Amino acid sequence: MTTIVVVKKKNQIAIGADTLVTFGETRLPGDYEANNKIIRVGDSLVGLAGSTAHFEVLRRVLGNLEHPRLHSRHEVFETFLNAHHELKEKYFLNPKEEDDDPYESSQITALIANPSGIYGVYSYREVFSFDRFWAIGSGRNFALGAMYAAYGSKRTATQIAQIGVNAGAEFDKSSSGPSRVFDFPINPT
């Protein structure tokens, strides 16, 4: 799977990811393939966990939406609601998970970072807004623990994000470096 992290601290936001792709028992490390689990959508960076099929599909879907707004929980929800329709109609998304699911699944788990904040999106289009940090993917528990331990220090958001991705890559069998971390300043409120 992956380790994707996002951190907000003082006047900075950082988002990072490992670069490993797996196919069953086969590992394709980042040194062998130009895999980027973080895509740009306007002034937002979106980290994706799950199937590698999501990367190009979401890049196209979000890039083709007339106004993909990602600057509040409500905007993220509306954007992913519109994306869900296109995922089904144009890209043949299979929205089925379990028979008793309350809603169709978008089969997507994502973290979003932009100058307005950090957001998480889950398969039923649940949207969360995070104040400090969060992680997704199979390495998330290792990343969360490492970032929790580092957050109270003098480290920057970028350094804490790097620590989180490194912890996921170190201990999660489905995550590996090299990692990529991007950062930018937060809009003053």
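Above this note sits the structure.
About the cut-offs
Residues numbered from 1 in each chain as written. Predicted model: local features only at pLDDT ≥ 70, side-chain atom pairs only at ≥ 80, totals over all residues. Heavy atoms only, no water. Pairing = 2+ DSSP bridges. Helix = DSSP H or I, 4+ residues; strand = E, 2+ residues; numbered from the N terminus. Axes fitted to C-alpha atoms, helices over the stretch in contact; angles between N-to-C directions. Contact = heavy atoms within 4.5 Å. Buried < 20%, exposed > 50% of the residue type's maximum accessible area, 1.4 Å probe, protein only. Salt bridge = Lys/Arg side-chain N within 4 Å of Asp/Glu carboxyl O. Expected span 1.5 Å × (residues − 1).

### What to know about the sheet that holds strand β11 (residues 180-185)
Right, so step 1: In space, the four strands of this open sheet follow the order β10-β1-β2-β11, with antiparallel pairing throughout. Two strands lie at the open edges of the sheet, namely β10 (133-136) and β11, each paired on one side alone. Between one strand axis and the next, the sheet turns by 10 degrees as a mean value, whatever way the strands run.
Right, so step 2: Note that strand β2 (residues 12-17) and β11 share six bridges and pair antiparallel. Bridged to Ile13 within β11 is Phe184.
Right, so step 3: Relative to the sheet, helix α3 (residues 140-151) contacts β1 (4-9) and β10, its axis offset from that of β10 by approximately 165 degrees.

### Quick notes on the environment of Phe77
Right, so step 1: Tracing the chain through its elements places Phe77 in helix α2 (residues 73-91).
Right, so step 2: Under the relative-accessibility criterion, Phe77 is labelled partly exposed at 32%.
Right, so step 3: Sequence separation between Phe77 and Tyr124 is 47 residues, and the spatial gap between their C-alpha atoms is 10.0 Å.
Right, so step 4: Once residues within four sequence positions are removed from consideration, Phe77 is found in contact with Arg125 and Val127.

### Observations concerning the pattern of salt bridges
Right, so step 1: Applying the stated criterion across every chain yields a total of three salt bridges.
Right, so step 2: With its nearest N and O atoms 3.2 Å apart, the salt bridge here joins Glu56 to Arg59. Remark: Arg59 and Glu56 occur in helix α1 (residues 53-64); sequence separation between them is three residues, near one turn of the helix.
Right, so step 3: When its relative accessible area of 36% is taken as the criterion, Arg59 is described as partly exposed.
Right, so step 4: Notably, a salt bridge pairs Arg60 with Glu56, separated by 3.2 Å at the nearest N-O pair. Note that Arg60 and Glu56 are positioned in helix α1 at a spacing of four residues, about one turn of the helix.
Right, so step 5: The exposure class of Arg60 is partly exposed, given its relative accessible area of 45%.
Right, so step 6: Three or more residues are tied together by salt bridges with common partners; here these are Glu56, Arg59 and Arg60.

### As for the sheet that holds strand β6 (residues 44-49)
Right, so step 1: If you trace the five strands from one edge of the open sheet to the other, you get β5-β6-β7-β8-β9, paired in antiparallel fashion. The open sheet has two edge strands, β5 (38-41) and β9 (127-130), and neither has a second partner. When the angles between neighbouring strand axes are averaged without regard to direction, this sheet yields 25 degrees.
Right, so step 2: Note that β5 and β6 share four bridges and pair antiparallel.

### Considering the pairing of β6
Right, so step 1: Among the six residues of β6, six are classified as buried, and the element is accordingly described as predominantly covered.
Right, so step 2: Hairpin connection from β5 to β6: two residues lie between these consecutive antiparallel strands, with Gly42 at a positive phi of about 60 degrees.
Right, so step 3: Alignment of β6 against strand β7 (residues 109-114), held across five bridges, turns out to be antiparallel. Of the residues in β7, the one forming a bridge with Gly47 is Leu111.

### Considering α2
Right, so step 1: Between its terminal C-alpha atoms α2 stretches 25 Å, which fits the 27 Å expected from 19 residues at 1.5 Å a residue.
Right, so step 2: Residues of α2 that are buried: Val76, Thr79, Phe80, Ala83, His84, Glu86 and Leu87.
Right, so step 3: In this structure, the buried side of α2 is in contact with α1, β7, β8 (117-121) and β9.
Right, so step 4: Directly after α2, the chain includes Phe92, whose backbone phi takes a positive value near 60 degrees.

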